[in-house]
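# Summary of structural features
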Amino acid sequence: RRSIMKLPKVRDLHDFHSWSLDGASHVLTLHVVVDLDASRQDHENIKAGIRELAKKYGKIHCTVEIETDPSRCPDLACVPADSI
């Protein structure tokens, strides 16, 4: 979480989940709240940065949802960032 929060244009993250499929292949899903002025290119750079950070932990499939307003998250049961 700390490493992701250091990426440019990242304001917050929530609904963060990681698990192992078989002990060798892993999954990471998260919602990233970005600055309002973040461009589509910024969004792609953030996703690429998260995937690069995840590589340190092995073979990880990442699914990243980009949001600009956390109160409008489309998932009704998002996990607040402070509970991570």
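In the block above lies the structure referred to throughout.
Below you will find a few notes about this structure.

Calculation notes
Residues numbered from 1 in each chain as written. Predicted model: local features only at pLDDT ≥ 70, side-chain atom pairs only at ≥ 80, totals over all residues. Heavy atoms only, no water. Pairing = 2+ DSSP bridges. Helix = DSSP H or I, 4+ residues; strand = E, 2+ residues; numbered from the N terminus. Salt bridge = Lys/Arg side-chain N within 4 Å of Asp/Glu carboxyl O. Buried < 20%, exposed > 50% of the residue type's maximum accessible area, 1.4 Å probe, protein only. Contact = heavy atoms within 4.5 Å. Core = buried A, V, L, I, M, F, W, Y, C linked by side-chain atoms within 4.5 Å. Axes fitted to C-alpha atoms, helices over the stretch in contact; angles between N-to-C directions.

## Examining the pairing of strand β1 (residues 10-20)
Side-chain positions along a regular strand alternate between the two faces of the sheet. Here eight bridges tie β1 to strand β2 (residues 25-34), and the two strands are oriented antiparallel to one another. Looking across to β2, one finds that H17 is bridged to T29. Here β1 folds back onto β2 in antiparallel fashion, the turn holding four residues, of which G23 has a positive phi close to 90°.

## Here's the deal with the pattern of salt bridges
Overall, the coordinates contain three salt bridges when judged by the stated rule. Here D12 and R1 are joined by a salt bridge, their closest N and O atoms 3.2 Å apart. On the criterion of sequence distance, the pair formed by D12 in strand β1 and R1 in the segment before α1 (2-5) is long-range, its members being 11 residues apart. R1 gets classed as partly exposed once you look at its relative accessible area, which sits at 37%. Across the salt bridge formed by D37 and K9, the nearest N and O atoms sit 3.1 Å from each other. Placement of the pair is D37 in the loop between β2 and α2 (40-54) and K9 in the loop between α1 and β1, with a sequence separation of 28 residues. Given a relative accessible area of 54%, D37 falls into the exposed group.

## Here we look at the environment of V32
By the element assignment, V32 lies in strand β2. A relative accessible area of 0% places V32 in the buried class. Among all residues touching V32, those that are not within four sequence positions of it are V10, D12, L13, I46, I50, V64, E65, I66 and E67.

## A look at the nonpolar core
Grouped together as the largest cluster of nonpolar side chains are 15 residues, with contacts concentrated most on L30, V32, I46 and I50. Broken down by secondary-structure element, the contributors of at least two residues to this core are β1, β2, α2 and β3 (59-67). Looking at this core, the element that brings in the most residues is β2, giving four residues.

## Structural notes on the sheet that holds β1
By way of backbone hydrogen bonds, the strands of a sheet pair with one another, either parallel or antiparallel. Strand order in the open sheet formed by three strands is β1-β2-β3, and the pairing between neighbours is mixed. Edge positions in the open sheet fall to β1 and β3, since each of these has one partner strand only. Here the average twist between neighbouring strands, direction ignored, is 15°. Its contacts with the sheet place α2 against β1, β2 and β3, and it is angled at close to 150° to β3.

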